[in-house]
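# Remarks on the overall topology
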Amino acid sequence: MDDMSEIYRCHAQTVYKFLLSQTHDADLAEELTQETFCQAVRSADRFDGGCKVSVWLCQIAKHLWYQHLRKHRREAPMPEDFPEPPAPSAEEGVLEREGKLEFLRLIHDLPPEPREVVYLRAFGGLSFREIGDVMGRTETWARVTFYRTKEKLRNGGTDSEE
């Protein structure tokens, strides 16, 4: 495996954005990002190159997030406590029309994969390529899933046959 400091420079932001989209807590995301790289250093010899390094790191990060949830068994924060998206996005129109809380309720009602794609894109700021990598799919799949889901959300969470 390449130099770990170079891997950190290349992938720390991706891992952090992924964790922020899951945790909705900047401090916790930063802490778990650091722990992800500690785990990666300890298990670098087990990385077989079967996937991209970013995917491997996000898998470690996701495992640590689930481990954190199991340990703390606390209630999830109310949607009003979520941070604003890190950068302006195409979802701003939906957020303004539906209101943030209603938008989050609509997202929550989505099936797991489309919900995760929306979280990673809207709140994590990941590119479609990064989303595809994290989810073990293609960039095209991530793009199509996102746009179909966005249209569904624009229609109030219902599919329209127009």
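This text follows the structure it describes.
Just so we're clear, the structure is a prediction, and the values are computed from it rather than from any experiment. (Residues numbered from 1 in each chain as written. Predicted model: local features only at pLDDT ≥ 70, side-chain atom pairs only at ≥ 80, totals over all residues. Heavy atoms only, no water.)

### Remarks on the environment of Ile131
Operational definition: A run of DSSP states H or I qualifies as a helix once it reaches four residues; a run of E qualifies as a strand once it reaches two. Both are numbered from the N-terminal end. The cut-offs for exposure are 20% and 50% of the maximum accessible area for each residue type, with area from a 1.4 Å probe on protein chains only; residues under the lower value are buried, those over the upper are exposed, and the others partly exposed. Whether two residues touch is decided by their heavy atoms; if any such pair falls within 4.5 Å, the residues are in contact.
Inspection of the secondary structure puts Ile131 in helix α7 (residues 128-135). You can call Ile131 buried: its relative accessible area is 0%. Aside from chain neighbours lying at most four places away, what touches Ile131 is Val117, Leu120, Arg121, Leu126 and Ala142.

### With respect to the nonpolar core
What counts is decided by this rule: Remark: nonpolar core denotes a set of buried residues (Ala, Val, Leu, Ile, Met, Phe, Trp, Tyr, Cys) joined through side-chain atoms within 4.5 Å.
Membership of the largest hydrophobic core comes to 41 residues, with the highest contact counts inside it found for Leu19, Ile107 and Ile131. Elements with a contribution of two residues or more to this core: α1 (4-23), α2 (26-42), α3 (53-72), α5 (100-108), α6 (112-123), α7 and α8 (139-154). Counting residues per element, this core draws most heavily on α1, which supplies eight residues.

### Topic: the packing of α2 against α3
In plain terms, the rule: A fitted line through C-alpha atoms serves as each axis, taken over the contacting stretch for helices, and the angle formed by two N-to-C directions is quoted from 0 to 180°. With respect to orientation, any angle under 35 degrees is reported as roughly parallel, any angle over 145 as roughly antiparallel, any angle of 65 to 115 as roughly perpendicular, and every other angle as oblique. In this scheme, a crossing is called left-handed if the near helix is turned counterclockwise away from the far one by less than a right angle; it is called right-handed if the turn is clockwise.
Contact pair α2 / α3: the axes reach a minimum separation of 9 Å and the direction vectors enclose 120°. Relative to α3, the element α2 lies oblique. For the element pair α2 and α3, the recorded crossing hand is right-handed. Residue-level contacts link Leu28, Leu32, Glu35, Thr36, Phe37, Gln39 and Ala40 of α2 to Trp56, Leu57, Ile60, Ala61, Leu64, Trp65 and His68 of α3.

### Section: the pattern of salt bridges
Going by this rule: In what follows, salt bridge is the name for a side-chain nitrogen of Lys or Arg lying within 4 Å of a carboxyl oxygen of Asp or Glu.
Under the counting rule described, the total for this entry stands at seven salt bridges. The salt bridge involving Glu6 is made with Arg9; its shortest N-O contact spans 2.9 Å. Taken together, the positions of Glu6 and Arg9, both in helix α1 and three residues apart, correspond to about one turn of that helix. Residue class for Glu6 comes out partly exposed when judged on its relative accessible area of 36%. In this structure, Lys52 and Asp133 form a salt bridge, with 3.4 Å as the shortest nitrogen-oxygen distance. Of this pair, Lys52 sits in the loop between α2 and α3 while Asp133 sits in helix α7, and the two are 81 residues apart along the sequence. Accessibility expressed as a relative area gives 46% for Lys52, which makes it partly exposed.

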